[in-house]
Amino acid sequence: MRNPWIVGVLAGVLLLGACGDPGGGGGDGGGKPAALPEAPSGAARDGDSASPRASTPPPSATNRQRAARNPSADGPKVLYLGDSLAMENQKVLGAHLRDRLGARYRSAPYSGTTLCDYLDGTGEDSLVPDKDKAAALVRAEQPDYVVLQFWGNAWGYTPCMDGITYDKQRARYYDRYAADARRLAAQIHAAGVRGRPRIVWVLQGPDPITPDRVRGVNDLYEAQAKTSGDLVADAGRSVAPASARYTWVETLPCTTYERAHPAYCGSGRAALHRSGDDYLHFCLAPTTAKSRPCPVRSPGIRRMASAIAERIGADLR
């Protein structure tokens, strides 16, 4: 029997149209599909969130190519898409990218969504309007990077999943999710008129209810990035114990940065989730009926945003 707080959280998630998983058992195969490609191993503006500005990266073929197609730009252009996790992260990530990489940045997350919502051709079955589909935004913005952060909507909230859920149809869920990842990557790449944007697949943190599901989703992201020559940012590792990547915890020992900034660190521990309130999201403010960027300093959000910015920064060097 599940803990009462988890049951309460799930009810709240359903009401808010977020991206959790109500099911934990049953299914049509219980695990990721055998055909899964092999993967490699692997708020208000957060005023004091930025680490010291990264040094100017040395020239590279990638940087020269970007400069050739946009000679007036000093930093990369980044587009951030995703679900409720991206919704709450978006302002902090933008601050990290601007402060550390001099990036130009646009975000267009929608709570409750998954990969298929951002595909062209999903129409009324999508929670994302046509103007904000991934390919449409890439055509309009011509970004260097497209960051995708999706928990992996597994319980049929979004119509474009055609009722396929993890708890009842696990193998079909993974197959469909992998197919959507391939389609979305292809549409994003094809929309780059001045050059193919590089996708950054954000790996997700631990799931206390269906831990194997998020591991399988992360494997799919890694496999897709490997196949298409894109990137992976393991932001989920930053919100998990160092020795247990897929073990969910409510708090973690503070980092050096968090210890130096008391707003992020209480008694040596950083709070990742609201205690007894929300196992999925990392914003420490109460959830509201209308989704919003996180309005308070939250260690989990800062950790993930830092990991994403670091991955893009490493690719630029």
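The structure under discussion appears in the preceding block.
Each residue is numbered by its place in its chain's sequence as written, counting from 1. Side-chain atom pairs in this predicted model are given and counted only at pLDDT of 80 or more, local residue features only at pLDDT of at least 70, and totals for whole chains, interfaces and linings cover all residues. To obtain the side-chain values, all non-hydrogen atoms of the structure were used and water was disregarded.

Give a detailed account of the overall build of the protein, specifying residues and quantitative values.
Put simply, DSSP marks the helices as runs of H or I at least four residues long and the strands as runs of E at least two long, and each gets a number from the N terminus on. Tallying secondary structure elements over the protein gives eight helices and seven strands in all. Exposure is judged per residue with a 1.4 Å probe applied to protein chains only, and the accessible area is read against the type maximum: over 50% gives exposed, under 20% gives buried, and values in between give partly exposed. Burial analysis of the protein (317 residues in total) assigns 55% to the buried set. We get accessible surface area from the Shrake-Rupley algorithm with a probe of 1.4 Å; when it comes to residues, only the shown protein chains can shield them. Carbon together with sulfur atoms contributes 52% to the accessible area of the protein, which is approximately 13200 Å² in total.

Pulling in residues and values, what's your account of helix α8 (residues 299–316)?
Expected helix span is given by 1.5 Å per residue-to-residue step, counting one fewer step than there are residues. Between its first and last C-alpha, α8 extends 26 Å over 18 residues, near the 26 Å set by a 1.5 Å rise per residue. Among the 18 residues of α8, 15 are classified as buried, and the element is accordingly described as predominantly covered.

Summarise the environment of Tyr110; cite the residues concerned and give the values.
In this fold, Tyr110 is placed in the loop between β2 (104–107) and α4 (134–141). Separated by 24 residues in sequence, Tyr110 and Ala86 place their C-alpha atoms 7.9 Å apart. Pairs of residues are marked as contacts when any of their non-hydrogen atoms sit within 4.5 Å. The residues touching Tyr110, leaving out its near neighbours within four places in the chain, are Gly82, Asp83, Ser84, Met87, Tyr118, Leu127, Val128, Pro129, Lys131 and Asp132.

Which residues make up the sheet that holds strand β4 (residues 198–202), and what values go with them?
Strands were regarded as paired on the criterion that DSSP finds at least two bridges between them. Pairing is parallel across the open sheet formed by five strands, whose spatial order is β2-β1-β3-β4-β5. Each edge of the sheet is formed by a strand with only one pairing partner; in this case those strands are β2 and β5 (231–233). Ignoring strand direction, the axes of neighbouring strands in this sheet form an average angle of 20°. Across three bridges, β4 lies against β5 in parallel orientation. Along β5, the bridge assignment pairs Val200 with Leu231. Whenever a helix is involved, its axis is fitted only over the stretch in contact; in every case the axis is a line through C-alpha atoms, and angles between N-to-C directions fall within 0 to 180 degrees.

Before we move on, can you summarise the packing of helix α5 (residues 170–190) against helix α6 (residues 211–228) with the specific residues and values?
Axis separation between α5 and α6 bottoms out at 10 Å; the angle between their running directions is 35°. For the pair α5 and α6, the sense of crossing is right-handed. Here α5 contributes Tyr173, Tyr174, Tyr177, Ala178, Ala181, Arg182, Ala185 and His189 to the contact with α6, which in turn contributes Asp212, Arg213, Gly216, Val217, Leu220, Tyr221, Gln224 and Ser228. Within the contact of α5 with α6, the residues separate by chemical class into nine nonpolar, four polar and three charged. For any pair of crossing helices, the crossing counts as left-handed if the nearer helix is rotated counterclockwise from the farther one by less than a right angle, and right-handed if it is rotated clockwise. For this classification, Asp, Glu, Lys and Arg are treated as charged, while Ala, Val, Leu, Ile, Met, Phe, Trp, Tyr, Cys and Pro are nonpolar and the rest, including Gly, are polar.

Before we move on, can you summarise unusual backbone geometry with the specific residues and values?
Positive phi values are uncommon outside glycine, yet Gln142 reaches one of about 50°. Mapping Gln142 onto the fold places it in the loop between α4 and β3 (145–149). Positive phi values are uncommon outside glycine, yet Ser267 reaches one of about 55°. You can see Ser267 is positioned in the loop between α7 (256–260) and β7 (269–271). The class of Ser267 is exposed, set by a relative accessible area of 84%.

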